[in-house]
Amino acid sequence: MSADPGDDPHVRLLLGAYVLDALDAEETCRVARHLQHCDACARDYVQVADASALLALLRAEDLRE
């Protein structure tokens, strides 16, 4: 999976795929390195990871309500 970040050096567009382990090895390393040095993207990562964890708690019945 690849997302074109345009002129944005940040990795926000890749965070969802990163959380779901859907990036190739090169992109995974790029995101991991970036998160070590960018507080803004690291905060966004935590939010995306939290949302993903909460979605995993839903049951199919919950979605029909």
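A few words on unusual backbone geometry. The phi angle at Asp 21 is positive, at roughly 55°, despite the residue not being glycine. One can find Asp 21 in the loop between α1 (15-19) and α2 (25-37). According to the relative accessible area criterion, Asp 21 is exposed, its value standing at 65%.

Along its 13 residues, α2 runs 19 Å from first to last C-alpha, staying within 8% of the 18 Å computed at 1.5 Å per residue. By the burial criterion, the buried members of α2 are Glu 27, Val 31, His 34 and Leu 35. Looking down the long axis of α2, one finds its buried residues gathered within 100° of arc, a one-sided arrangement. Of the residues in α2, the exposed ones pointing more than 90 degrees away from the buried face are Ala 25, Glu 26, Arg 33, Gln 36 and His 37. Buried positions along α2 lie against α1 and α3 (39-56).

Calculation rules
- Residues numbered from 1 in each chain as written.
- Predicted model: local features only at pLDDT ≥ 70, side-chain atom pairs only at ≥ 80, totals over all residues.
- Heavy atoms only, no water.
- Helix = DSSP H or I, 4+ residues; strand = E, 2+ residues; numbered from the N terminus.
- Buried < 20%, exposed > 50% of the residue type's maximum accessible area, 1.4 Å probe, protein only.
- Expected span 1.5 Å × (residues − 1).
- Arc of directions from axis to C-beta.
- Contact = heavy atoms within 4.5 Å.

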